[in-house]
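# Remarks on the overall topology
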Amino acid sequence: MKAHLVRNLRDVRFQALAGAMVLAALALVLPAVPLTRTGVSVLAVVDITGSMNVRDYTSADGRPASRLDTARGALRDLVAALPCGSQVALGLFTERRPFLLFTPIEVCADFAPLDGALAALDWRMAWEGDSRISAGLFRAVEMAASLDTDLIFLTDGQEAPPLPSAGGPAFEGKPGSVRGLIVGAGAYALSPIPRYNDRGREIGFYGAGDVQQENRFGPPPADAESREGYNPRNAPFGGAAATGAEHLSSVREPYLKKLAGETGLAYVHLDGPGGLSVPLLAAATPRPLPGRLDLRPFLGGAALALVLAVFLLPTLRALSLPRALTLKKA
């Protein structure tokens, strides 16, 4: 009987079943293991002005995609990639100020409403047509500070109307007081801007005469005296209509990098619908997230795998035996 017991103890199937019982018992009694992870708390502000409708990206199925669609997809991928416990707030930008849609919510417990809100972002939510990027960014920095979050500001950087010759407003905050990213959306080459009617239907593209090509507010530029029809009193900007390419659009990267330097934010170009998690985690404030790791699913899965191996091993041997005999005869 002792020899029989020893033989059973040495049996691989008996050992596997015994191991499965031990793992199953541990899965029933073992508590979750406390751990600390690193997450982020971020306010994402998305530019929804007209130039964000430019289709200079390509979707996964090979179709042209707008900057807004690509930015929306990038944020949805980012939310899915953030560790549980991280928080995301969402805001829109148009005209000169951001509008907060909701305060920070947890990315795992509230993933469905957060993902749904990102999927529903649309240019039709805009309440004004202007796009004063610097003013909107500075106010977004203030908003992020009030929420105690970092900031992601997604925009192509095209000011509408264009900045005056004296430049835009100065940043009055402390550079680096809010960390985060300015994300430049759009290709580097100029593209036409889609135009829509009052019912939201696309009716073509903006032409040179449809948009303001030069901001003639404030002092004239340095070359004003050389312009045709210049008069220091009656025509300080010259007598001819302004010309330019403001009806076309590209990512204004040098301008966005300048704003990033003024505010202390990092800059990254949006190359596609993914890839924001790495630069965000590098630029954002690390926030410890207390959590617990539940090992029971892993232990239960390992126990099930051992039980299945015990019952499937004879079948696999029976199937492989005829093949082995055939090879031996050959």
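Residues numbered from 1 in each chain as written. Predicted model: local features only at pLDDT ≥ 70, side-chain atom pairs only at ≥ 80, totals over all residues. Heavy atoms only, no water.

## What to know about the overall build of the chain
As a reminder, the rule being used: A helix here means a DSSP run of H or I that spans at least four residues, while a strand means a run of E at least two residues long, and both kinds are numbered starting from the N terminus. Burial classes follow relative accessibility: with a 1.4 Å probe on protein chains only, a residue under 20% of its type's maximum area counts as buried, one over 50% as exposed, and anything between as partly exposed. Note on definitions: a residue-residue contact is assigned when non-hydrogen atoms from the two residues lie within 4.5 Å. Reported accessibility uses the Shrake-Rupley method at a 1.4 Å probe radius. Residues are deemed covered only where the shown protein chains occlude them.
Counting its secondary structure elements, the chain contains eight helices and 14 strands. A burial count over the chain gives 37% of its 330 residues as buried. Within the chain, counting contacts between residues at least 6 apart in sequence, those at least 24 apart form 76% of the total. By element, 60% of the accessible surface of the chain is carried by carbon and sulfur atoms, the whole surface being about 18,500 Å².

## Digging into helix 2 (residues 12–29)
Put simply, the rule is: One less than the number of residues in a helix, times 1.5 Å, gives the span that helix is expected to have. As used here, the arc is the angular range of directions from the helix axis to the C-beta atoms.
A rise of 1.5 Å per residue sets the reference length of helix 2, with its 18 residues, at 26 Å; its end C-alpha atoms lie 26 Å apart and thus fit the reference within 8%. Every buried residue belonging to helix 2 is among Ala16, Ala20, Leu23 and Ala27, and all of these are buried. Taken down its axis, helix 2 places every buried residue within 65° of arc, on the same side. Helix 2 presents Met21, Leu28 and Val29 as exposed residues on the side facing more than 90 degrees away from its buried surface.

## Quick notes on the packing of helix 3 (residues 67–81) against helix 4 (residues 111–119)
Convention followed: Inter-axis angles, ranging from 0 to 180 degrees, are taken between N-to-C directions of lines fitted to C-alpha atoms, where helices are fitted over the stretch in contact. An angle below 35 degrees is treated as roughly parallel, one above 145 as roughly antiparallel, one from 65 to 115 as roughly perpendicular, and anything else as oblique. Left-handed is the label given to a crossing in which the near helix is rotated counterclockwise from the far helix by less than a right angle, and right-handed is the label when the rotation is clockwise. Throughout, the ten residues Ala, Val, Leu, Ile, Met, Phe, Trp, Tyr, Cys and Pro are labelled nonpolar, Asp, Glu, Lys and Arg are labelled charged, and all others, Gly among them, are labelled polar.
Two numbers describe how helix 3 lies on helix 4: the axes approach to 9 Å, and their chain directions differ by 170°. Taken together, the axis directions place helix 3 and helix 4 in an arrangement best described as roughly antiparallel. The interaxial crossing formed by helix 3 with helix 4 has right-handed handedness. From helix 3, Arg72, Leu75, Arg76, Val79 and Ala80 reach across to helix 4, where they touch Phe111, Leu114, Asp115, Leu118 and Ala119. For the contact of helix 3 with helix 4, the residue count by class is seven nonpolar, no polar and three charged.

## So, the pairing of strand 5 (residues 87–94)
Our working definition: By this definition, two strands are paired if DSSP reports at least two bridges between them.
Burial within strand 5 is extensive, with seven of its eight residues counted as buried. The pairing of strand 2 (residues 41–47) with strand 5 spans seven bridges and is classified as parallel. For Val45, the partnering residue across the bridge sits in strand 5 and is Gly91. Taken together, the seven bridges between strand 5 and strand 6 (residues 97–106) define a ladder with antiparallel strand orientation. Across the sheet, Thr94 pairs through a bridge with Arg97, a residue of strand 6. Count of turn residues in the strand 5/strand 6 antiparallel hairpin: two residues, of which Glu95 carries a positive phi of about 65°.

## So, a nonpolar patch on the surface
Applicable threshold: Within this analysis, patches are made of residues with over 30% relative accessible area and no salt bridge. Like charges are joined at 9 Å or less; nonpolar side chains (Val, Leu, Ile, Met, Phe, Trp, Tyr) at 5 Å or less. The rule for a salt bridge is simple: a side-chain nitrogen of Lys or Arg has to be within 4 Å of a carboxyl oxygen of Asp or Glu.
A surface patch of nonpolar side chains, amounting to about 480 Å² of accessible area, comprises Val22, Leu26, Leu28, Val29 and Leu30. Mapping Leu26 onto the fold places it in helix 2.

## Overview of the pattern of salt bridges
Considering all chains together, one arrives at 14 salt bridges under this definition. Within this structure, Asp56, Arg67 and Asp156 form a network of salt bridges that share partners.

## Let's talk about the nonpolar core
Here is the rule: We define a nonpolar core as any set of buried Ala, Val, Leu, Ile, Met, Phe, Trp, Tyr and Cys residues linked to one another through side-chain atoms lying within 4.5 Å.
Grouped together as the largest cluster of nonpolar side chains are 33 residues, with contacts concentrated most on Val46, Leu154, Val183, Leu270, Leu276 and Leu280. Secondary-structure elements contributing two or more residues to this core are strand 2, helix 3, strand 5, helix 4, strand 7 (150–155), strand 8 (180–184) and helix 7 (277–283). Ala89, Val141, Val251 and Tyr255 belong to the second largest nonpolar core, which has 23 residues in total.

## With respect to the confidence of the model for the chain
Selection rule: As a per-residue measure, pLDDT reflects the predictor's confidence and takes values from 0 up to 100.
Per-residue pLDDT for the chain averages 86, and the proportion of residues at 70 or more is 89%. Mean pLDDT in the chain bottoms out at helix 1 (residues 2–10), which sits at 59, and peaks at strand 7, which reaches 98.

## Comments concerning the sheet that holds strand 6
Ordered by their spatial adjacency, six strands build an open sheet running 6-5-2-7-8-13, and the pairing between neighbours is mixed. Of all the strands in the sheet, the pair left with one neighbour each is strand 6 and strand 13 (266–269). Across this sheet, the average inter-strand angle for adjacent strands is 20°, counted without regard to direction. On top of the sheet, helix 3 reaches strand 2, strand 5 and strand 7; it is set at about 170° to strand 2, its chief contact. Running at roughly 155° to strand 13, helix 6 (residues 253–263) makes contact with strand 7, strand 8 and strand 13 of the sheet.

## Some remarks on the packing of helix 5 (residues 133–147) against helix 6
Running from N to C, helix 5 and helix 6 point in directions that differ by 35°, and their axes come no closer than 11 Å. Crossing of helix 5 against helix 6: the hand is right-handed. Here helix 5 contributes Ile133, Ser134, Leu137 and Phe138 to the contact with helix 6, which in turn contributes Tyr255, Leu256, Leu259, Glu262 and Thr263. Looking at the contact of helix 5 with helix 6, its residues break down into six nonpolar, two polar and one charged.

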